[in-house]
Amino acid sequence: MKFHVISHTHWDREWHQTYQQYRVKLIRFMDELLELLETTPAYTSFLLDGQTIVLEDYLEIKPKNRDRIGKLVKEGRLVIGPWYIQPDEFTPSGESLVRNLLIGQKIGDEFGPSMQIGYLPDSFGQAAQIPQVLSGFGMNHALFWRGITNEETEKTDFWWEGPDGSKVLATHLPLGYGNGRMLSTEFKQNLEIIDENYDKLKEMVTSSNTLLMCGFDQRSANKDLPEIIAELNRHYAEHGSDFEVRLSKLQDYLEEVERAAENLDYLSGEFRKGKNMRVHVSIASTRLDLKKKNFDVQNLYEKYVEPLNSVSYLLGDHYDNDIINKGWKYMMQNHAHDSICNVCTDATHQEMDIRYEFAKQIGESVQNTATEDLLGKINFRDEGIPLVVFNTLGKKRKNLAEATLHLTSKEFTLVDTKGNEVPYQILETREENLNDNQIEIGVKNEDKFVFTTKIKFAAEVDGFGFSTYYVKETAPIANTFADVYQNGTFFNEYMQVTIENNGSLTIKEKSGAIFKGLNVFEEGGNAGDEYDFSPPREDILITTKDAAPEISVVHNGPIYAKVKIVYNMEFPVDTDVNDRSEDRKASTIETYVSVNRYEDRVDIQTVIDNTVKNHRIRALFDTGLKTKTHIADQQFGTIRRDNYLEQVEYWEQENWEEKYYPIYPQQKFVDVSDDLKGIAILNKGLPQYEILQGEKPTIAVTLLAGTDYMGKQDLVDRPGRRSGLHVETPDSLLLGKHEMNYSIVAHAGNEIE
């Protein structure tokens, strides 16, 4: 048996401490590592955790050492890349994962060859699309730790297939990324480590090769490894053993495995089971305020900044990839697995908030510049004030657009380029002095009083195109359409949406399918921590099923209607692992339901005034269907998942690390359908849902989950030791007002288009 010792560190850029606090340690770590590699020729390899951001962080402080690093990388002794930062695999978008590798590879190329292995030692579960993402970069290997069990394979190595048919040779680490970290100058202990690993892995390895990962979190290089390995090999040679130990690279190990890979198992899909090591299946509910910001900033770059700049560049304008990548970097620095999963201190989360703000500022400024460049190339007609609508998607669309106009008259007409009048609906009009928003230099500017008017109208725009409309300050033609909202029901050509007395929604889709009991709110205790939701032993669930909310109309007209539903609730003020407190406190849930004439979607904006601690609020959607599976959006496609997981019945008996149940991550939607009809719940930055009731599924989307500690012990759904530190995280209680946005689409057929 050949034991491949991989000398490495796992460098959490931020977690228990902030980035700068950890960076102080990083500087010393890197200084010592460079000295060790340069003065010890026998130290042939060190793996720098597969993320090149470590080099950026170090060289910002010590740029003089750049050439030293480059020399070691070119010699193959310092192994860098391929990622920019070690990512979570479920919350970042597909484009974010691609940019992570793209920027990581670009930085790596500045020093020498990057490791071409999808190295994911500590991500909380493995996403099904990883083989496809890696294959797109020409990578043929992956290595990870968490999420896979003997229910999938008894072996350490297998072929992992992506949804598109791509495949990579994957190795998982049953004993983690530190199974050789205790190697030391204690010879007897070293023999025991080798024997222990052999005994545990001999039936699992698929070749005569075994990995010994010698490193751990923020761990310095083991300077004694060459001598340790030499002593072990002398011992095995003297005793006629077939054991051989070598200081190795992951690439060397995987090449050995690949020589015997013909009969390996083929697996596909995601790996999220916490049998042998926790994957924290409910982790996506923590700090949903930050996860929403992540969604918003990703959307800004992917749907606006990049497309508009690309079109502008094709028309001869400037494309500044450096500043755009700087914005991406700020965003991706928050995609580290501990960061975006939000299992950090409050101080760390506050710094994440700042980075999202930096990325947003850069993105919006770049977008505005590109938009101005594009507007400068349009030959407008002298037919009124031009109003331009851009479509950054690749297909033609007709959707509701919102615009704010500054006019000298309250009456105006909106026309298209053919002179046809376009219906619009006024949402708000107020008088404003535009001079208030201008800088005065030396002299006072002249006042410019206008009517600032917000409108909605249906815009029809080609893919990657624009449409120009003109505003004329003349009286419009009288509207002939009926109002969208009438007698408690929204109407358009696609559906009827009725607000019931308890505030829930009933949708009758145009094919005749009816869905009842939609958007019922459920509140319950959360005795968990930042890593996991977990209920108290005796929970109290409060729902709006029998509520009597206040219902009022906010907007109603021929194009668009918006109705406000207010629930005045009382919740237990706190929760611990045993039960919920008897004292209660008032809390308000406001939900705004919107429907427009042109789209088959019910838009919902919910605002929760959170006044209590350690609880969870979800929106429930009773599908009324009978089906065993559903689909959810993931990076670059959808994934089909089970509504019921049989492991719920035996996880405790088999001593799993945590409960495995149908609570799942998502990108932008989840859809439950049968052969005839279905219902999809779309979201903007709500990455978690659970399927309740098994084959008669109710979709439960997490809107808010508050917790007061990073880590706790002995949870109902996660017994035993805590994860993380037992430090208070008051910001993670999410006290105050929080807004969530999601939508309902009822449809015919198997799944949403």
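Bear in mind that the values here come from a model prediction, so they are computed numbers and not experimental data.

1. Section: the overall build of the protein chain
1) Next: Looking only at helices and strands, one finds 12 helices and 35 strands in the protein chain.
2) Next: The C-alpha radius of gyration computed for the protein chain amounts to 29 Å, which stays within 12% of the reference 27 Å derived for 753 residues, consistent with globular compactness.
3) Next: With respect to the three principal axes, the spread of C-alpha positions in the protein chain is 100 × 65 × 50 Å.
4) Next: The contacts in the protein chain between residues at least 6 apart in sequence include a share of 74% that link residues at least 24 apart.
5) Next: When the 83 positive and 121 negative side-chain charges of the protein chain are each reduced to one mean point, those points stand 1 Å apart.

2. Considerations on the sheet that holds strand 13 (residues 413-415)
The strands making up a sheet associate through hydrogen bonds between their backbones, and the pairing can be parallel or antiparallel.
1) Next: The strand order across the open sheet formed by 3 strands is 11-16-13, and the pairing between neighbours is antiparallel. Unpaired on one side and paired on the other, strand 11 (385-391) and strand 13 mark the two borders of the sheet. Strand-to-strand twist across the sheet, computed as the mean angle between neighbouring axes with direction ignored, equals 25°.
2) Next: The pairing of strand 11 with strand 16 (residues 465-472) spans 7 bridges and is classified as antiparallel. Within strand 16, the position partnered with Ile385 by the bridge is Val471.

3. Observations regarding the nonpolar core
1) Next: In terms of nonpolar packing, the biggest core is built from 73 residues, with Val5, Met30, Leu33, Leu48, Ile69, Leu78 and Tyr301 touching the most fellow members.
2) Next: Of the residues forming this core, the biggest block, 9 residues, is contributed by helix 1 (residues 19-39).
3) Next: Residues Ile604, Ile617, Val670 and Met740 belong to the second largest nonpolar core, which totals 59 residues.

4. Observations concerning the state of the cysteines
1) Next: Within this structure, the stated rule accounts for 0 disulfides.
2) Next: Note on Cys344: no disulfide assigned, nearest cysteine sulfur contributed by Cys341 at a separation of 8.9 Å.

5. Here we look at the sheet that holds strand 7 (residues 167-172)
1) Next: A sheet is described by the order of its strands in space; here 5 strands give the open sequence 4-5-7-6-10, paired in mixed fashion. Taken across any chain shown, the strands that pair with only one partner, and hence form the sheet edges, are strand 4 (118-120) and strand 10 (266-268). Adjacent strand axes in the sheet meet at a mean angle of 30° when their direction is disregarded.
2) Next: In terms of strand pairing, strand 5 (residues 141-144) meets strand 7 through 4 bridges, oriented parallel. Directly across from Ala142, in strand 7, lies its bridge partner Ala170.
3) Next: Sheet strands in contact with helix 8 (residues 250-258) are strand 4, strand 5, strand 6 (157-161) and strand 7, and its direction is about 110° off that of strand 7.

6. Section: the pairing of strand 8 (residues 209-214)
1) Next: Along strand 8, 6 of the 6 residues are buried, which leaves the element largely enclosed by surrounding structure.
2) Next: Residues Asn209, Leu211 and Met213 line one face of strand 8 and the alternating positions Thr210, Leu212 and Cys214 line the opposite face, and both faces are buried.

7. Description of the pattern of salt bridges
1) Next: Evaluated as defined, the whole model comprises 40 salt bridges.
2) Next: A salt bridge links Lys329 to Glu56, with the nearest nitrogen and oxygen atoms 2.5 Å apart. Residue Lys329 is located in helix 10 (residues 321-332), and its partner Glu56 is located in helix 2 (residues 53-61); the two are separated by 273 residues in the primary sequence.
3) Next: Classification of Lys329 as buried rests on a relative accessible area of 17%.
4) Next: The closest approach of N and O atoms between Asp532 and Arg718, which form a salt bridge, is 3.0 Å.

8. Topic: the side chain of Lys273
1) Next: With respect to the element layout, Lys273 can be found in the loop between strand 10 and helix 9 (288-314).
2) Next: The buried category is assigned to Lys273, whose relative accessible area is 12%.
3) Next: With residues near it in sequence (within four places) discarded, Lys273 still touches Gly147, Ile148, Thr149, Glu151, Glu152, Val279, Gln647, Trp656 and Tyr660.

9. Quick look at unusual backbone geometry
1) Next: The step from Gly81 to Pro82 runs through a cis peptide bond, and the omega angle for that step is 15°.
2) Next: The residue Pro82 is located in the loop between strand 3 (78-79) and helix 4 (94-109) in this model.
3) Next: Phi at Asn519 takes a positive value of approximately 65°, unusual for a residue other than glycine.
4) Next: In this structure, Asn519 sits in strand 21 (residues 514-525).
5) Next: The phi torsion at Leu734 lies on the positive side, around 55°, for a residue other than glycine.
6) Next: Its location among the elements puts Leu734 in the loop between strand 34 (698-705) and strand 35 (736-748).
7) Next: Residue Leu734 is classed as buried on the basis of its relative accessible area of 4%.

10. A closer look at a negative patch on the surface
1) Next: A surface patch of negative charge is lined by Glu538, Asp576, Asp579, Glu582 and Asp583.
2) Next: Secondary-structure assignment places Asp579 in the loop between strand 24 (560-572) and strand 25 (584-596).

11. So, the pairing of strand 19 (residues 495-499)
1) Next: Residues Met495, Val497 and Ile499 of strand 19 are buried on one face, while the alternating residues Gln496 and Thr498, pointing to the opposite face, are not.
2) Next: As judged from the 3 bridges shared by strand 18 (residues 489-491) and strand 19, these two strands associate in the antiparallel manner. Bridge pairing in strand 19 places Phe490 opposite Val497.
3) Next: Counted between consecutive antiparallel strands, the loop separating strand 18 from strand 19 contains 3 residues.
4) Next: Strand direction decides the pairing type here: strand 19 and strand 20 (residues 505-509), joined by 5 bridges, are antiparallel. From the neighbouring strand, Met495 faces strand 20, where its bridge partner is Glu509.
5) Next: Hairpin connection between strand 19 and strand 20: a loop of 5 residues separates the two successive antiparallel strands, and Gly503 in this loop has a positive phi of roughly 90°.

12. Points about the packing of helix 1 against helix 2
1) Next: Relative orientation of the contacting elements helix 1 and helix 2 amounts to 85°, with a least axis distance of 10 Å. Here helix 1 lies roughly perpendicular to helix 2, going by the angle between them. Here helix 1 contributes Tyr19, Arg23, Leu26, Ile27, Met30, Asp31 and Leu34 to the contact with helix 2, which in turn contributes Val54, Leu55, Asp57, Tyr58, Glu60 and Ile61.

Procedures and definitions
Residues numbered from 1 in each chain as written. Predicted model: local features only at pLDDT ≥ 70, side-chain atom pairs only at ≥ 80, totals over all residues. Heavy atoms only, no water. Helix = DSSP H or I, 4+ residues; strand = E, 2+ residues; numbered from the N terminus. Rg over C-alpha atoms; globule rule 2.2 N^0.38 Å. Contact = heavy atoms within 4.5 Å. Lys, Arg positive; Asp, Glu negative; His and termini not counted. Charge placed at Lys NZ, Arg CZ, Asp CG, Glu CD. Pairing = 2+ DSSP bridges. Axes fitted to C-alpha atoms, helices over the stretch in contact; angles between N-to-C directions. Core = buried A, V, L, I, M, F, W, Y, C linked by side-chain atoms within 4.5 Å. Buried < 20%, exposed > 50% of the residue type's maximum accessible area, 1.4 Å probe, protein only. Disulfide = S-S within 2.5 Å. Salt bridge = Lys/Arg side-chain N within 4 Å of Asp/Glu carboxyl O. Patch = residues over 30% accessible without salt bridge, like charges linked within 9 Å, V, L, I, M, F, W, Y side chains within 5 Å. Areas by Shrake-Rupley, 256 points an atom, 1.4 Å probe, with all protein chains shown as cover. Parallel < 35°, antiparallel > 145°, perpendicular 65-115°, else oblique.

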